[in-house]
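# Structure assessment
One-letter residues, chain by chain:
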Amino acid sequence: MATTAASATDVIVVGAGISGLVAAWKLQTQGLSVVILEGRARIGGRCFSTPEGVDLGASWTWPPHERRVMELANQLQLEFVPQRLDGGVRLPGGRAPGGGERLAPCGPDAVRINGGYGALARAIHGKLLRDTVHLGETVKDVESLAGGGVHVRTSNGAVYEGAHIVIAVPPRLAAAMNFSPPLPDEQVERMNATATWAGDWAKVVATYPSPFWREQGDSGVAQLPSLVTWEGADAPELGELTNAIAGVTFGARACGKLAEHASDNVTGLSADSLRVSVARELAAAFGPIASEQLDKVYHASWMAEPLTYGPGKYAERQEDPRATYGHKLLRQSASWGVSFAGTETESASGHVEGAIASGERAAREAAEGLLLSLRKNNTAKTL
């Protein structure tokens, strides 16, 4: 299909993050043919976990408020583990007996998926028909066909055609595509002004043979010079695949410094240069054991990801970037067969909950659009 212009697909989905995967799965269960075009060499988008299942992107959900995440994970037989914040906290001035729920970015009552959110992406992918996902295909051009449907060209020069398309990438990436006919100016302006959720975040994961922090009465929460950390995984007590401390930093300067260190674009494994600096900071907070027993270091600097952050720099904005998530222009479909998905198109604060909701909505729009097109064609044939 990639080498011809034959229209053999009902729906083209752009992006193999959670929203795109959910949309494709919903459409295939209705008997529709789907192809997913993903620019990366992996699926999942910002639901990106290390091979041991520790999250480098999205990390938590909060039951019972985020019911879609809970229901989908249960349907796919994935398990949740609590984000434990009890125990000592390491601060610049020394050790405090508690307070992890105030320092860790998740706050209280969060849970994580055993195996990470990457496991959720893989589980949905496992429900799709074989060869649905095409990796390494970044969409550049989306064109309306005179006889109906859409024509898509990727950066590799591959051509795809379908009756409908779902654009399931951050709004600024969607705005950078060439649409013919063009999207309304006000819609493009809103897309460009919408910050990608977690776009200026960077995460680091350090793995260990044992959860030494628990053994010394700590929660894993610490305020380091460059990171705020928490327990990322615990194998003995929680049944996860490894033991890990995870950390996050925010902002262009901090993310840029992390991006200077190379990492594997499929696993997130960091170069030795970052391992040295992470070992030093963790040892200063938790003691020599944090350096002596350190196994692997992984990281993801999302600002350095062109398929997440988008082109150029964000405009300076005073309000919370999530304030405009769910704006009607971010989800406004085009009458010639274009729908938009992605967590920013929903009002669920940029969480995976929003990604799932948007995938479900876009699937409904695509199915309804195809049905309407079929009815129009049948009517035209009878006239």
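About the thresholds
Residues numbered from 1 in each chain as written. Predicted model: local features only at pLDDT ≥ 70, side-chain atom pairs only at ≥ 80, totals over all residues. Heavy atoms only, no water. Disulfide = S-S within 2.5 Å. Buried < 20%, exposed > 50% of the residue type's maximum accessible area, 1.4 Å probe, protein only. Salt bridge = Lys/Arg side-chain N within 4 Å of Asp/Glu carboxyl O. Helix = DSSP H or I, 4+ residues; strand = E, 2+ residues; numbered from the N terminus. Pairing = 2+ DSSP bridges. Phe/Tyr/Trp six-rings, centres within 6.5 Å; stacked < 30°, edge-to-face > 60°. Lys NZ or Arg CZ within 6 Å of the ring centre and 35° of its normal. Axes fitted to C-alpha atoms, helices over the stretch in contact; angles between N-to-C directions. Contact = heavy atoms within 4.5 Å.

One pass over the structure, following the stated rule, counts zero disulfides. Between Cys106, a free cysteine, and Cys47, which holds the nearest cysteine sulfur, the sulfur-to-sulfur gap is 16 Å. Overall, Cys106 belongs to the buried group, its relative accessible area being 7%. Residue Cys255 stays outside any disulfide, its sulfur separated by 18 Å from that of Cys47, the closest cysteine.

In total, this model carries 19 salt bridges according to the counting rule given. Asp86 is paired through a salt bridge with Arg214; the nearest N and O atoms lie 3.2 Å apart. Residue Asp86 is located in the loop between β3 (80–82) and β4 (88–91), and its partner Arg214 is located in helix α7 (residues 212–215); the two are separated by 128 residues in the primary sequence. Where Arg361 meets Glu365, a salt bridge forms, and the shortest distance between an N and an O atom there is 3.1 Å. Of this pair, Arg361 and Glu365 both sit in helix α12 (residues 352–382), four residues apart, which is roughly one turn of that helix. Look at the salt bridges and you will find they share partners, linking Arg84, Asp86, Arg112, Arg214, Glu231, Asp234, Glu237 and Glu240 into a network.

For the rest of this paragraph, the subject is unusual backbone geometry. One can expect most non-glycine residues to show negative phi and most peptide bonds to be in trans. Look at the link from Pro63 to Pro64: it is a cis peptide, with omega at 0 degrees. Its place among the elements puts Pro64 in the loop between β2 (34–38) and α2 (67–75). The omega angle of the peptide bond from Ser180 to Pro181 is 5 degrees, so this bond is cis rather than trans. Secondary-structure assignment places Pro181 in the loop between β11 (178–180) and α6 (185–192). At Gln77, a position not held by glycine, the phi torsion is positive, near 60 degrees. Considering the arrangement of structural elements, one finds Gln77 in the loop between α2 and β3.

Glancing now at the pairing of β4. Direction of pairing for β4 relative to strand β13 (residues 218–223): parallel, over a ladder of two bridges. Across the sheet, residue Gly88 finds its bridge partner in β13, namely Asp218. Counting the residues in the hairpin turn of β4 and strand β5 (residues 94–96) gives two residues.

The next point concerns the packing of aromatic side chains. What the rule picks out here adds up to 10 aromatic pairs. Ring plane angle 55 degrees and centroid distance 5.0 Å describe the contact between Trp60 and Trp230, whose orientation is recorded as tilted. On the criterion of sequence distance, the pair formed by Trp60 in the loop between β2 and α2 and Trp230 in strand β14 (residues 228–233) is long-range, its members being 170 residues apart. Judged by relative accessible area, which is 9%, Trp60 ranks as buried. Aromatic ring contacts, followed pair by pair, group Tyr208, Phe212, Trp213 and Phe286 into a single cluster. Against the face of Phe48 rests Arg42, its NZ or CZ located 3.8 Å from the ring centre. Looking at Lys203, its charged tip hangs above the ring of Trp60, at a distance of 5.1 Å from the centre.

Take the sheet that holds β5 next. Strand order in the open sheet made by the seven strands is β5-β4-β13-β14-β15-β12-β16, with mixed pairing throughout. Strands with a single pairing partner mark the edges of an open sheet, and in this sheet they are β5 and β16 (297–301). Neighbour-to-neighbour, the strand axes of this sheet turn through a mean angle of 25 degrees, independent of strand direction. Sheet analysis places β4 next to β5, joined by three bridges and oriented antiparallel. Looking at the pairing, Arg90 lines up with Arg95 of β5. Against the sheet, helix α9 (residues 252–259) engages β12 (201–208), β15 (243–250) and β16, with an angle of about 130 degrees to β15. Here helix α10 (residues 272–286) sits on the sheet in contact with β4, β12, β13, β14, β15 and β16, set at roughly 115 degrees to β13.

To continue, consider the environment of Ser155. If you trace the backbone, Ser155 turns up in the loop between β9 (150–154) and β10 (159–167). Taking the relative accessible area as the measure of exposure, Ser155 reaches 43% and is therefore partly exposed. Sequence separation between Ser155 and Lys140 is 15 residues, and the spatial gap between their C-alpha atoms is 6.0 Å. Residue contacts for Ser155: discarding those within four places in its chain leaves Thr138 and Lys140.

As for its position among the elements, Val338 is in strand β17 (residues 338–340). Residue class for Val338 comes out buried when judged on its relative accessible area of 0%. Along the chain, Val338 and Ser144 lie 194 residues apart, while their C-alpha atoms are 9.2 Å from each other. Excluding residues within four positions of it along the chain, Val338 makes contact with His164, Ile165, Ile167, Phe179 and Ser333.

It is worth stressing that arrangement in space is one thing and function is another; only the former is reported here.
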